[in-house]
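# Commentary on secondary and tertiary structure
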Amino acid sequence: MIYLDNAAGSFPKPPQVGKAMAEALDEYGANPGRGNYALTRKTASMVESAREKVADLFGMRDSSRVIFTAGATMSLNMAIYGMLKAGDVLLLPGMEHNAVSRPTADLEDRGIIKVRTLLADHEGYLRLPEIEKEVSAAKRPALLALTHSSNVCGAVAPLAKIAALARQKHIPLLVDAAQSGGLIPISMDKTPISLLALAGHKSLYGPPGIGVLLVSDRVDPRPLITGGTGNRSEERRHPDFYPDHLEAGSINVPGIAGLAAALDFVKEIGVEELFGKTMRLTDRLAEMAANTPGIEVYLPELPRQRTPVLALNITKRDPAEAAELLDSRYGICIRSGYHCAPAAHRALGTMEEGCLRFSPGWYNTMDDIEKAGLALAELAR
Ligand code: PLP
């Protein structure tokens, strides 16, 4: 089996991830902050150390504003519903995942907000002059939701430029870093990002079911859910201090333990090396595919920043059929069709039937890539 679907969820995980999760379940998985005994204190201390690890990797000074969620979808929903109010305008610059565009559509369809949507260029890159125009409009957006790196084609948005622009216009910036976290260095301290949404299970190599929302001290979203936090239980209203303000209910202790172990792995190898290796694999596959007649590769013509995701189509084959053949004949696992991001498919011109997506991860080898390239060539013939 050759797994090339790491943009959906990295696989396999570093062995220490499962080990840390099993330990949390078997040895100390009490409910943190809910009692005054050693086991709950041990669990709370693991959770706080995991918060510190996230804060450290993403240049966040105040680890209490590192919020654990169920995944990037939940982080993005929390940011969108928590930040926007009636009459607000939201700016979507293009390439959004449904985790952004669906909550947005819900608010728009209920007449609560207005959405300004831009179209990225045909290579999946955002059009900066249009964004500049929108942030200077008479009715300024109340939130700009930026997809840092496209899950369909890997196109990377100019985060520093857009963050500076948003800051200059006093517009809170929400960054969907589900694909880029762990591959591109991001610092909340150096870049004026208001809210950063992360998925634990992709390029951070953690387990599914855990995500993070980083909240800068310049914003204070309303909580999407309220309930027990273990603190101030006598009070009628949900606490307003962090992390409790945005973390209600019992948290995912094994997921957090797994994520903490995954962050140690990311730190040990280094974000640059994780990116470098996976990008070399992606570039090689892109080269093989681009030299194969009958394959259309969605790559930028000039060198532009990308993450290790390769979108392509075999011109004479339906993507779903091609993916099925790659699996059944060659044992190659990839994603096909639409990738939960209609905005990206509109930009790339793949709205009709979607595309195939290859996304190498740390555990892939050049041999996997050579085999995938040859399999593609056979299917194209
Ligand atoms: N945003 C992007 C760009 C994604 O690729 C994904 C997952 O595919 C998400 C958001 C949602 O992430 P999660 O699966 O952690 O909810």
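Just so it is clear, the model here is predicted, and its values are computed rather than measured. (Residues numbered from 1 in each chain as written. Predicted model: local features only at pLDDT ≥ 70, side-chain atom pairs only at ≥ 80, totals over all residues. Heavy atoms only, no water.)

## Focus: the overall build of the chain
Across its full length, the chain holds eleven helices and 13 strands. The C-alpha atoms of the chain give a radius of gyration of 21 Å, which matches the 21 Å a tight globule of 381 residues would have. Overall size of the chain, expressed as C-alpha extent along the three principal axes, is 70 × 55 × 35 Å. For the chain, buried positions account for 57% of its 381 residues. (Helix = DSSP H or I, 4+ residues; strand = E, 2+ residues; numbered from the N terminus. Rg over C-alpha atoms; globule rule 2.2 N^0.38 Å. Buried < 20%, exposed > 50% of the residue type's maximum accessible area, 1.4 Å probe, protein only.)

## What about the environment of Ser63?
If you trace the backbone, Ser63 turns up in the loop between α2 (38–57) and β2 (66–69). Take Ser63: its relative accessible area is 13%, and that puts it in the buried class. Residues Ser63 and Lys53, ten residues apart in the sequence, show an inter-C-alpha distance of 8.7 Å. Ignoring sequence-local partners within four residues, the contact set of Ser63 consists of Arg51, Glu52 and Ala55. Looking at Ser63, its side chain comes within polar contact range of the side chain of Glu52, at 3.3 Å. (Contact = heavy atoms within 4.5 Å. Polar contact = N/O pair within 3.5 Å; in protein donor to acceptor, adjacent residues only side chain to side chain.)

## Re the domain arrangement of the chain
One can read the domain layout of the chain as domain 1 (2–10 + 270–380) and domain 2 (15–269). The gap between the C-alpha centroids of domain 1 and domain 2 is 27 Å. Facing the 37 residues of domain 1 at the interface are 34 residues of domain 2. Here domain 1 and domain 2 share two salt bridges between them. (Domains from an automatic or database assignment. Salt bridge = Lys/Arg side-chain N within 4 Å of Asp/Glu carboxyl O.)

## Some details on the nonpolar core
One finds Val54, Phe68, Ile131, Leu144, Leu173, Leu196 and Leu214 to be the most contacted residues of the largest nonpolar core, which totals 67 residues. Tallying contributions element by element places helix α7 (residues 253–269) first for this core, with ten residues. Counting residues domain by domain, this core receives three or more from each of domain 1 (2–10 + 270–380) and domain 2 (15–269). Among all residues touching Leu173, those that are not within four sequence positions of it are Leu144, Leu146, Leu159, Ile162, Ala163, Ala166, Pro192, Ile193, Ser194 and Leu195. Ile295, Leu310, Ala372 and Leu379 belong to the second-largest nonpolar core, a separate cluster that totals 25 residues. (Core = buried A, V, L, I, M, F, W, Y, C linked by side-chain atoms within 4.5 Å.)

## Notes on helix α8 (residues 271–290)
Spanning 20 residues, α8 covers 28 Å between terminal C-alpha atoms, matching the ideal 28 Å at 1.5 Å per step. Looking at α8, one finds that the buried residues are Val271, Leu274, Gly276, Thr278, Met279, Leu281, Thr282, Leu285, Ala286, Met288 and Ala289. In this structure, the buried side of α8 is in contact with α2, α7, β9 (295–297), β10 (310–314), β13 (355–358) and α11 (366–380). (Expected span 1.5 Å × (residues − 1).)

## Observations regarding the environment of Ser336
Tracing the backbone shows Ser336 in strand β12 (residues 335–337). With 25 residues separating them along the chain, Ser336 and Ala311 place their C-alpha atoms 9.4 Å apart. Contact partners of Ser336, with chain neighbours within four places excluded, come to Pro319, Ala320, Ala323, Cys355 and Leu356.

## Focus on the packing of α8 against α11
It is at 9 Å that the axes of α8 and α11 come closest, and there the two elements cross at 20°. Viewed along their axes, α8 and α11 adopt a mutual orientation that is roughly parallel. As α8 runs across α11, the sense of the crossing is right-handed. In this structure, α8 contributes Arg280, Leu281, Arg284, Leu285, Met288 and Ala289 to the contact, and α11 contributes Met366, Ile369, Glu370, Ala372, Gly373, Leu374 and Leu376. Partitioning the contact of α8 with α11 into residue classes produces nine nonpolar, one polar and three charged. (Axes fitted to C-alpha atoms, helices over the stretch in contact; angles between N-to-C directions. Parallel < 35°, antiparallel > 145°, perpendicular 65-115°, else oblique. Left-handed = near helix turned anticlockwise from the far one by under 90°. Nonpolar A, V, L, I, M, F, W, Y, C, P; charged D, E, K, R; others polar.)

## Comments concerning a negative patch on the surface
On the surface, Asp220, Glu234, Glu235 and Asp240 cluster together into a patch of negative charge. Here Asp220 shows up in the loop between β8 (211–215) and α7. (Patch = residues over 30% accessible without salt bridge, like charges linked within 9 Å, V, L, I, M, F, W, Y side chains within 5 Å. Areas by Shrake-Rupley, 256 points an atom, 1.4 Å probe, with all protein chains shown as cover. Lys, Arg positive; Asp, Glu negative; His and termini not counted. Charge placed at Lys NZ, Arg CZ, Asp CG, Glu CD.)

## Some words on the pattern of salt bridges
If you walk through the whole model with that rule in mind, you get 18 salt bridges. As a salt-bridge pair, Asp189 and Arg61 come within 3.0 Å of each other at their nearest N and O atoms. Note that Asp189 is positioned in the loop between β6 (173–176) and β7 (195–199) and Arg61 in the loop between α2 and β2, a separation of 128 residues in sequence. Taking the relative accessible area as the measure of exposure, Asp189 reaches 42% and is therefore partly exposed. When the shortest N-O distance is used, the salt bridge between Arg280 and Glu273 registers 3.9 Å. Among the residues examined, Arg280 registers a relative accessible area of 48% and is labelled partly exposed. According to the relative accessible area criterion, Glu273 is partly exposed, its value standing at 37%. One connected set of salt bridges, linked through shared partners, spans Glu48, Arg51 and Glu247.

## Remarks on the site of the ligand
Surveying the vicinity of the ligand reveals 13 residues, the closest of which are Ala72, Thr73, Asp176, Gln179 and Lys202. In the model, an oxygen atom of the ligand is placed 3.0 Å from a nitrogen or oxygen of the His201 side chain. Coverage of the ligand by the protein chains reaches 87% of its 400 Å² of free accessible surface. Among the residues forming the shell around the ligand, the class breakdown is five nonpolar, six polar and two charged. (Near = heavy atom within 4 Å.)

## Brief notes about empty space enclosed by the protein
Considering all chains together, one arrives at two cavities of 30 Å³ or more under this definition. By volume, the largest cavity is sized at about 110 Å³. As for the largest cavity, its lining consists of 14 residues, and the residues nearest its centre are Asn6, Leu183, Ser203, Pro308 and Pro360. Here the lining of the largest cavity is composed, by residue class, of six nonpolar, seven polar and one charged. Both domain 1 (2–10 + 270–380) and domain 2 (15–269) contribute no fewer than three residues apiece to the lining of the largest cavity. There is about 30 Å³ of room inside the second largest cavity. Forming the walls of the second largest cavity are Met95, Gly124, Leu126, Thr147, Ser149, Ser150, Ala155, Val156 and Ala157. (1 Å grid on protein atoms, 1.4 Å probe; cavity = no way out; pocket = protein on both sides within 12 Å on 5 of 7 lines; lining within 4 Å. Points joined across faces, edges and corners; volume = space filled by probe spheres on them.)

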